[in-house]
Amino acid sequence: MVHLLYDIACCISVLFTYLSLAEANYEFYPYLERGTSYSGKNKSDYGIEWSPQWPRNIEQMGQLSAVSIDPDGNVAIFHRGSRVWGSTTFNIQNIFNKEEGPIRENTVVLLNKIGERILEWGAYKFYLPHGLTIDMHGNYWITDVALHQVLKFDAKDIEMMKDLPSSRKRQYSQEKHLRPSLILGEAFVPGNDDKRFCKPTAVAVENNGDFFVSDGYCNARILKFNAKGERILHWGRESIYGQTPLQNTFNVPHALALASELNLLFVADRENGRIVSFYATNGTFHKEYKNPNIIGPYIYSVAYAKEKLHLINGPTTRSNIRVRGIVLDVNSGDILYKFGPRLDMNSPHDIAVSQNGTEIYVVELNRYIPYRFSLKLRSELLSPLALSILENMNGVVTTEKVVITVIVLVAIVLGFCMVVLALFLRAQDPDEEKYEYKLSPAEMSKLFD
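Each chain has its residues counted from 1, following the order in which its sequence is written. The model is predicted, so local features are restricted to residues of pLDDT at least 70 and side-chain atom pairs to those at 80 or more, both for listing and for counting; the totals for chains, interfaces and linings are taken over all residues. Heavy atoms throughout the structure, all of them, feed into the side-chain values; hydrogens and water do not.

The protein has the name peptidylamidoglycolate lyase in an unreviewed UniProt entry, where Bombus impatiens is given as its organism.

The following block contains the structure:
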C-alpha cells in the first residue's frame, strides 16, 4: 500500500508540474499564424522565450526611451531619469522649457547579457532622451528631442570611462570630459532645413559611416548624411490624417533599422501603423509592411536581423489587439511569431535584436521595465510528447492546436492517475473468502444442542 500511495503522489506531482510547464510554454511559445509550416528545418522550428529574471538587481530607472546592443553583446538603455515628457515640456512652437534644466541622473545604463550593470553615464548632459543606436564600432548615436539634436559619442571615450574607478566615472561625465565628437542641429532651436531638426527620433548607421536620421515629430522626413555629418539626401513629408498614406509620407517616423546586405532602410511610421522600406542608396520606395487586424494601428519601433523584421506595436482602444512584439519575414511580410511577457506590455517604446537574431530586447516607456527574449528551438520549449502531437496535426501549428495539445496531455495524465487510484481502492476492499469464518464440527454440534 505504501508503494501505491507513493505512485499516486508521483502522479499528482507530475500533473501539477506539467500543468505549470504547459502554462509557461503556452505563454512563451510562438504565436504562429495559420498556414505556418513546421515541416522540415526552417524558421518555424524556433520559438521566443521571455527571461523574467533579467535584469538583475538594478536600480529603478525613469521612462525607458531606447535600447541598443554594443559589439560585445552588452545592452545599453537610454532613460529619462526623473524627467517626464508632459503637456508643459514644450510650447506651441516646439521649444523646450529650459527652466527644467538637464537631467541630473545618469541616463545611459550599460548591462551585460546576464543583466548586471557595467556602466552608467549621462548625468547633466541630456534634457529629453529619445533615440540610442550603437554602431558596429561601438560609437553611441543619441537623439535628444528637447535639444533638437543628434549627438555622437566615440567608442574610445566610452571604453575609457569603463576603466575608471567608480568614484571617477560620474565626475568624468559631469566635467565634460566625455564630449560628443559630432553634433548635428542647433541646441533648443527647432527647424526644418539643412542644419536644424525638430524633435529627431532615431539614427541608423551604415558600415561605411554614412547614417540616417528620422526627423520625426515635427518634420516627418528622413535625412542621410556622410560620416562627416554632411547631408547627402532627404525625403518625406507629413501624411494627411484620415487618408491612406503615400509611399513617401509619414506620421511620426519613430524608429529606423538597416539591412545592409539588402541595401534597405526600414522606417517605423508610428501613427500610420506600418513599416516602410526604402533603398538606402537613394531613398526610393521599396515596400510597405502593414497588418491592422493583428499588429494594430501603431508601430513604435523596428529592428532587423537575418531576413526578419522585429517590431513592437502600441496600446490601442481595440480590445482584440495585444500589445506585443512581432516578427515578420522580410521577403513575404508574413507574421512568424508574436512574443511578450506573461501579461501584455503597456507602452513598449523601442526594440533591439542581436546580429544573429537570437536575443531580443524591448523597453517600456511608462512601466520603466526592460525585457529580454531569446530565440530557441521549439524542442527546448515543449516536451517530446507535445512535439510529437503537434507534428501529427497536419504539420501546421496554431494557438488553438497548442491549447488542444495541452488539454490532451492533461487528460492522459489524469487518466493514468485515475487508474492508479482505482487499483489502490480495490486493494482496500475486503476479500470475502479471505475473511470467511468456518465453524469446526464440535462448534457446530454445540450450536444445535
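A.B. asks: I'm lost on the overall build of the protein in this one. Help?
C.D. replies: If you tally the helices and strands in the protein, you get 6 helices and 26 strands. Three labels apply to residues, based on accessible area from a 1.4 Å probe with only protein chains included: buried if under 20% of the type maximum, exposed if over 50%, partly exposed otherwise in between. When the 449 residues of the protein are sorted by exposure, 52% land in the buried category. By sequence separation, contacts in the protein at least 24 residues apart represent 52% of the contacts at least 6 residues apart. For the protein, the accessible area works out to roughly 22100 Å², and carbon and sulfur atoms hold 53% of it. Helix and strand assignments come from DSSP, with helices taken as H or I runs of at least 4 residues and strands as E runs of at least 2, each series counted from the N terminus. Contacts are assigned to residue pairs with any non-hydrogen atoms lying within 4.5 Å of each other. Surface exposure here means Shrake-Rupley accessible area, sampled with a 1.4 Å probe, where a residue is shielded only by the protein chains that are shown.

A.B. asks: I keep staring at the nonpolar core and nothing clicks. Help me out?
C.D. replies: The tendency in soluble globular proteins is for nonpolar side chains to be buried as a group. Ile-48, Phe-339, Ile-351, Ile-360, Val-362 and Phe-373 are the most contacted members of the largest nonpolar core, which has 19 residues in total. Of all the elements in the fold, those that place two or more residues in this core are strand S1 (46-50), strand S20 (299-305), strand S23 (335-339), strand S24 (348-353), strand S25 (359-364) and strand S26 (370-377). Sequence-distant contacts of Phe-339, that is, excluding residues within four places in its chain, are made with Ile-48, Arg-324, Gly-325, Ile-326, Val-327, Met-345, Ile-351, Ile-360, Val-362 and Phe-373. Here, nonpolar core refers to any group of buried Ala, Val, Leu, Ile, Met, Phe, Trp, Tyr and Cys residues whose side-chain atoms link them within 4.5 Å.

A.B. asks: Got a minute to help me understand the UniProt feature "binding site: Zn(2+)" (unreviewed entry) in the protein in this structure?
C.D. replies: UniProt positions are given in the numbering used here, feature names are shortened, and annotations may be inferred rather than shown by experiment. Sequence positions flagged by UniProt for "binding site: Zn(2+)" (unreviewed entry) are, in local numbering, His-130, His-254 and His-349. These annotated residues cover 220 residues of sequence, but their C-alpha atoms sit close together, with the largest distance between any two at 9.6 Å. Note that His-130 resides in strand S6 (residues 129-134). Given a relative accessible area of 2%, His-130 falls into the buried group. Non-local contacts of His-130, meaning those with residues more than four positions away in its chain, are made with Ser-65, Ala-66, Phe-78, Arg-80, Trp-85, Thr-143, Val-145, Pro-200, Thr-201, Tyr-217, His-254 and His-349. Within the structure, the side chain of His-130 is placed 2.9 Å from the backbone oxygen of Thr-201, a separation counted as a polar contact. Examined against the element boundaries, His-349 turns out to sit in strand S24. Pairing of N or O atoms within 3.5 Å defines a polar contact, subject to two protein rules: one partner must be a possible hydrogen donor and the other a possible acceptor, and residues neighboring in sequence count only if both atoms are side-chain atoms.

A.B. asks: In this structure, what is going on with the pairing of strand S21 (residues 308-313)? I would like to understand it.
C.D. replies: Consecutive residues of a regular strand have side chains that alternate between opposite faces of the sheet. Of all 6 residues making up S21, 6 are buried, and the element is well covered by its neighbours. Here S20 runs beside S21; their pairing, made up of 6 bridges, is antiparallel. Paired with Tyr-304 across the strands is Leu-309, a residue of S21. Relative to strand S22 (residues 325-329), S21 is paired through 5 bridges, and the arrangement is antiparallel. For Lys-308, the partnering residue across the bridge sits in S22 and is Asp-329. Strands qualify as paired when DSSP identifies two bridges or more between them.

A.B. asks: Any chance you could explain the side chain of Asp-215 here in plain terms?
C.D. replies: When you line up the elements, Asp-215 lands in strand S11 (residues 211-215). The class for Asp-215 is buried, based on a relative accessible area of 0%. In this structure the side chain of Asp-215 is engaged in a polar contact, spanning 2.5 Å, whose partner is the side chain of Asn-219. At 2.9 Å, the side chain of Asp-215 forms a polar contact with the side chain of Arg-221.

A.B. asks: Any chance you could explain the sheet that holds strand S13 (residues 231-235) here in plain terms?
C.D. replies: The pairing of strands in a sheet comes from backbone hydrogen bonds and takes either a parallel or an antiparallel form. The strand order across the open sheet formed by 4 strands is S10-S11-S12-S13, and the pairing between neighbours is antiparallel. The open sheet has two edge strands with one neighbour each: strand S10 (202-205) and S13. Sheet twist, expressed as the mean angle between neighbouring strand axes with direction ignored, is 20 degrees. Two strands pair when backbone bridges link them, and S11 and strand S12 (residues 221-225) are joined in this way by 5 bridges, in the antiparallel orientation. Bridged to Phe-211 within S12 is Phe-225. Lines fitted to C-alpha atoms define the axes, with helix axes restricted to the stretch in contact, and inter-axis angles between N-to-C directions lie between 0 and 180 degrees.

A.B. asks: Looking at this structure, I do not really get the pattern of salt bridges. What am I missing?
C.D. replies: Any two side chains of opposite charge can pair, so long as their charged atoms come close to each other. Any Lys or Arg side-chain nitrogen found within 4 Å of a carboxyl oxygen on Asp or Glu counts as a salt bridge. Scanning the model with the defined rule gives 17 salt bridges in all. Here Lys-113 ties to Glu-359 by a salt bridge, and the two come within 3.7 Å at their closest N and O atoms. Of the two residues, Lys-113 sits in the loop between strand S4 (108-111) and strand S5 (117-121) while Glu-359 sits in strand S25, which places them 246 residues apart along the sequence. Between Asp-269 and Arg-274 there is a salt bridge whose closest N-O contact spans 2.8 Å. For the residue pair Asp-269 and Arg-274, the accessibility class agrees, reading buried in each case. Because the salt bridges share partners, they merge into one network encompassing Lys-113, Glu-359 and Arg-372.

A.B. asks: Just to check I follow, could you spell out the sheet that holds S23 for this structure?
C.D. replies: Strand order in the open sheet formed by 4 strands is S20-S21-S22-S23, with antiparallel pairing between adjacent strands. In this open sheet, the two edge strands, each paired with only one partner strand, are S20 and S23. Neighbouring strand axes in the sheet, compared pairwise and without regard to direction, differ in orientation by 20 degrees on average.

A.B. asks: Looking at this structure, how should I read the packing of aromatic side chains?
C.D. replies: Aromatic ring pairs are described here by two measures, namely the spacing of the ring centres and the angle between the planes. Only Phe, Tyr and Trp rings take part, Trp by its six-membered ring, and two of them pair if their centres are within 6.5 Å. Stacked means planes under 30 degrees apart, edge-to-face means over 60, and tilted covers everything else. In the structure shown here, the tally under the stated rule is 24 aromatic pairs. Both rings, one in Phe-266 and one in Tyr-304, keep their centres 5.9 Å apart while their planes meet at 15 degrees; by these two values the pair is stacked. With Phe-266 in strand S17 (residues 264-269) and Tyr-304 in strand S20, the pair connects residues that are 38 residues apart, well separated along the chain. The exposure class of Phe-266 is buried, given its relative accessible area of 0%. By relative accessible area, Tyr-304 is classed as buried at 12%. Centre to centre, the rings of Phe-278 and Phe-285 are 6.2 Å apart; their planes meet at 80 degrees, and the pair counts as edge-to-face. Judged by its relative accessible area of 1%, Phe-278 falls in the buried class. By definition here, charges over rings are those cases where NZ of Lys or CZ of Arg is within 6 Å of the ring centre and within 35 degrees of the ring normal. A cation sits over an aromatic face here: Lys-199 above Phe-90, 4.1 Å from the ring centre.

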